[in-house]
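An overview of the molecular structure
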Amino acid sequence: MDKELISDWFDDYSDDVYRFLMYYMSTPDVEDLVQEVFMRAIDRYPSFKGDSSPKTWLISIARNLAIDEARRQKRKDWRKLIKMHSFHTERSPEDQQIIEERKLALHQAIEKLKDDYRSVVILRGIEELSVTETAQVLKWTESKVRVTFHRALKMLKSEVKEVHYESS
């Protein structure tokens, strides 16, 4: 096993794994889980056949780890959502407030989605994985990814409208 290869993968994909876990777990406190993903990758490297990209393989490990962690802690309700890092730009305080409210509404709507919908929205919509990569991570057919993503977006749009109207 090439430890340098895993080190390169860490440099290349740790941010992607972090973002995935942050959204999936609804908390920015996932650094330990990111490290655990790469520890598991080292242990399981002999089973990596190269059928998928290293990124999708690592995100698949991250997803399984997140599911295990959720079961271990018996989470039924997802934690209140994280604040997203926003780039500093010249915006009025009113515009910034509107952007923050929209982000919060979107995150709240993502939290309400069932697990399959949440997974596909995070992978396709946030992580911007291809249909093929998403199918590899979730161990689904590409057709199932497309259909589930379409349904999830439809549900997400209705949830965002509900959250928006409730706060108005």
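Let us look at the structure shown here.

**Digging into the overall build of the chain**
Secondary structure assignment for the chain yields seven helices and zero strands. Element order for the chain, N to C, with α for helix and β for strand: α-α-α-α-α-α-α. Classification of the 168 residues of the chain by burial places 42% in the buried group. Within the chain, residue pairs in contact and separated by at least 24 positions form 66% of the contacts whose partners lie at least 6 positions apart. Carbon and sulfur atoms form 50% of the exposed surface of the chain, whose accessible area is close to 10,600 Å².

**What about the layout of surface pockets?**
Roughly 350 Å³ of internal volume is contained in the largest pocket. Lining the largest pocket are 16 residues, and of these Ser47, Ser52, Trp57, Ser60 and Lys139 sit closest to its centre. Counting only elements with at least two residues in the lining of the largest pocket, the list comes to α2 (31-44), α3 (54-73) and α6 (131-138). The element contributing the most residues to the lining of the largest pocket is α3, with five residues. Broken down by class, the residue content of the lining of the largest pocket amounts to four nonpolar, seven polar and five charged.

**Concerning unusual backbone geometry**
The residue serine 26 is not glycine, and still its phi comes out positive at about 60°. Its location among the elements puts serine 26 in the loop between α1 (3-25) and α2.

**Some remarks on the side chain of threonine 27**
Inspection of the secondary structure puts threonine 27 in the loop between α1 and α2. Assessed through its relative accessible area of 10%, threonine 27 is described here as buried. A polar contact of 3.2 Å, which involves the side chain of threonine 27, links it to the backbone nitrogen of aspartate 29.

**A closer look at α1**
In this model, α1 (23 residues) spans only 28 Å end to end at C-alpha, well below the 33 Å of a helix rising 1.5 Å per residue. The sharpest bend along α1 reaches about 55° and sits at tyrosine 13. The set of residues buried in α1 consists of Ile6, Trp9, Tyr13, Ser14, Asp16, Val17, Phe20, Leu21, Met22, Tyr23, Tyr24 and Met25. Serine 26 lies just past α1 and shows a positive phi near 60°.

**Observations regarding a negative patch on the surface**
A cluster of acidic residues, Glu4, Asp8, Asp11 and Asp12, forms a negative patch at the surface. Inspection of the secondary structure assignment puts aspartate 8 in helix α1.

**Some details on α6**
Residues Val131, Thr134, Ala135, Val137 and Leu138 constitute the buried set of α6. Mapping the buried residues of α6 onto a view down its axis gives an arc of 165°, with all of them on the same face. The positive-phi residue at the C-terminal boundary of α6 is lysine 139, with phi of around 60°.

Here is what the cut-offs are and how they apply
- Residues numbered from 1 in each chain as written.
- Predicted model: local features only at pLDDT ≥ 70, side-chain atom pairs only at ≥ 80, totals over all residues.
- Heavy atoms only, no water.
- Helix = DSSP H or I, 4+ residues; strand = E, 2+ residues; numbered from the N terminus.
- Buried < 20%, exposed > 50% of the residue type's maximum accessible area, 1.4 Å probe, protein only.
- Contact = heavy atoms within 4.5 Å.
- Areas by Shrake-Rupley, 256 points an atom, 1.4 Å probe, with all protein chains shown as cover.
- 1 Å grid on protein atoms, 1.4 Å probe; cavity = no way out; pocket = protein on both sides within 12 Å on 5 of 7 lines; lining within 4 Å.
- Points joined across faces, edges and corners; volume = space filled by probe spheres on them.
- Nonpolar A, V, L, I, M, F, W, Y, C, P; charged D, E, K, R; others polar.
- Polar contact = N/O pair within 3.5 Å; in protein donor to acceptor, adjacent residues only side chain to side chain.
- Expected span 1.5 Å × (residues − 1).
- Bend = angle between axes of the 7 residues up to and from the residue.
- Patch = residues over 30% accessible without salt bridge, like charges linked within 9 Å, V, L, I, M, F, W, Y side chains within 5 Å.
- Salt bridge = Lys/Arg side-chain N within 4 Å of Asp/Glu carboxyl O.
- Lys, Arg positive; Asp, Glu negative; His and termini not counted.
- Charge placed at Lys NZ, Arg CZ, Asp CG, Glu CD.
- Arc of directions from axis to C-beta.

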